[in-house]
Amino acid sequence: MKLILLGPPGAGKGTQAEILSKDLAIPTISTGNILRAAVKAGTPIGRKAKAFMDAGKLVPDAVIIGIIRERLEEADCTNGFILDGVPRTIAQAEALEEAGVLFDAVISLEVSDEAIVKRMDGRRVCTHCGTPFHVETKPPKAEGVCDACGGALIERDDDKPETVRARLTVYHEETEPLKHFYEKRGKLRTVPGDLGTIEETTKAIERALEAAH
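What counts and how
- Residues numbered from 1 in each chain as written.
- Predicted model: local features only at pLDDT ≥ 70, side-chain atom pairs only at ≥ 80, totals over all residues.
- Heavy atoms only, no water.
- UniProt positions renumbered as here; feature names shortened; annotations may be inferred.
- Axes fitted to C-alpha atoms, helices over the stretch in contact; angles between N-to-C directions.
- Helix = DSSP H or I, 4+ residues; strand = E, 2+ residues; numbered from the N terminus.
- Left-handed = near helix turned anticlockwise from the far one by under 90°.
- Contact = heavy atoms within 4.5 Å.
- Nonpolar A, V, L, I, M, F, W, Y, C, P; charged D, E, K, R; others polar.
- Buried < 20%, exposed > 50% of the residue type's maximum accessible area, 1.4 Å probe, protein only.
- Pairing = 2+ DSSP bridges.

As annotated in an unreviewed UniProt entry, the chain is Adenylate kinase from Intestinimonas massiliensis. Checking UniProt for the chain, the heading Pathway (unreviewed entry) contains the comment "Purine metabolism; AMP biosynthesis via salvage pathway; AMP from ADP: step 1/1." Turning to the chain, the UniProt record has this under Subcellular location (unreviewed entry): "Cytoplasm".

See below:
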């Protein structure tokens, strides 16, 4: 099974990718992770990416796609994979097609902007060990204190409403058009991402994947 997970920041793509990866026994390919791995490994395309990163420039699509192709050739991708964080734009999606990277289904997690803002505004993270909490869905036993290590909990700048709204604007302008792109190819499956629990969303994704066959 070859999948793409789409959705706005905070929709739960990372959480669902982790669950699906275990259930389907296929790896999740996160752009950031494979980019760092390629740079660390010093592969030819990793060195290209490093040159752009060292210069403070965005890594071009051609290099990103090259790194993805390199990763997909590894043995653990034989039975499929989940792409999380790429493609972000129509240009990247077209480049993947031209590179021969095709998909069985594209799952779009649908969550309203207001629900995303509320969800992310409630996030808290431990400054010491990084354990995540949420003021409503996973509150700490003592307000502002990490259950795991007693460290202080903070709200990251990335999770503040004004930052989240800015990220959502970018998503709607650059990434959301991918829904139409993959719908035309008969691959798009939309799933509500605010069904109440993580498990309910996972079940909805699994139903969508069954219908895709």
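## Digging into the packing of helix H3 (residues 44-54) against helix H4 (residues 61-72)
Their axes nearest at 10 Å, the elements H3 and H4 cross at an angle of 145 degrees. Seen along the crossing, H3 lies across H4 with a hand that is left-handed. Counting all contacts with H3, which are made through Ile45, Lys48, Ala49 and Phe52, the residues of H4 involved are Val63, Gly66, Ile67 and Glu70. Taken together, the residues of the contact of H3 with H4 sort by class into five nonpolar, one polar and two charged.

## Looking at the UniProt feature "binding site: AMP" (unreviewed entry) in the chain
The UniProt record annotates "binding site: AMP" (unreviewed entry) at Thr31, Arg36, Lys57, Leu58, Val59, Gln92, Arg156 and Arg167. Across 137 residues, the annotated set is spatially dispersed, with a maximum C-alpha separation of 29.1 Å. Structurally, the position occupied by Leu58 is in the loop between H3 and H4. You can call Leu58 exposed: its relative accessible area is 79%. By the element assignment, Gln92 lies in helix H5 (residues 90-98).

## Details of the sheet that holds strand E3 (residues 81-84)
Read across the open sheet, the five strands follow the order E2-E3-E1-E4-E8; overall the sheet is parallel. Each of the sheet's edge strands pairs with one partner strand only, and the pair in question is strand E2 (28-30) and strand E8 (188-192). Going from strand to strand, the sheet's axes swing by 25 degrees on average, the running direction of each strand aside. Judged from the five bridges that link them, strand E4 (residues 105-110) and E8 form a sheet pairing that is parallel. When the bridges of E8 are listed, Ser108 appears paired with Thr190. Sitting on the sheet, helix H2 (residues 31-41) touches E2 and E3, and the angle it makes with E2 is about 75 degrees.

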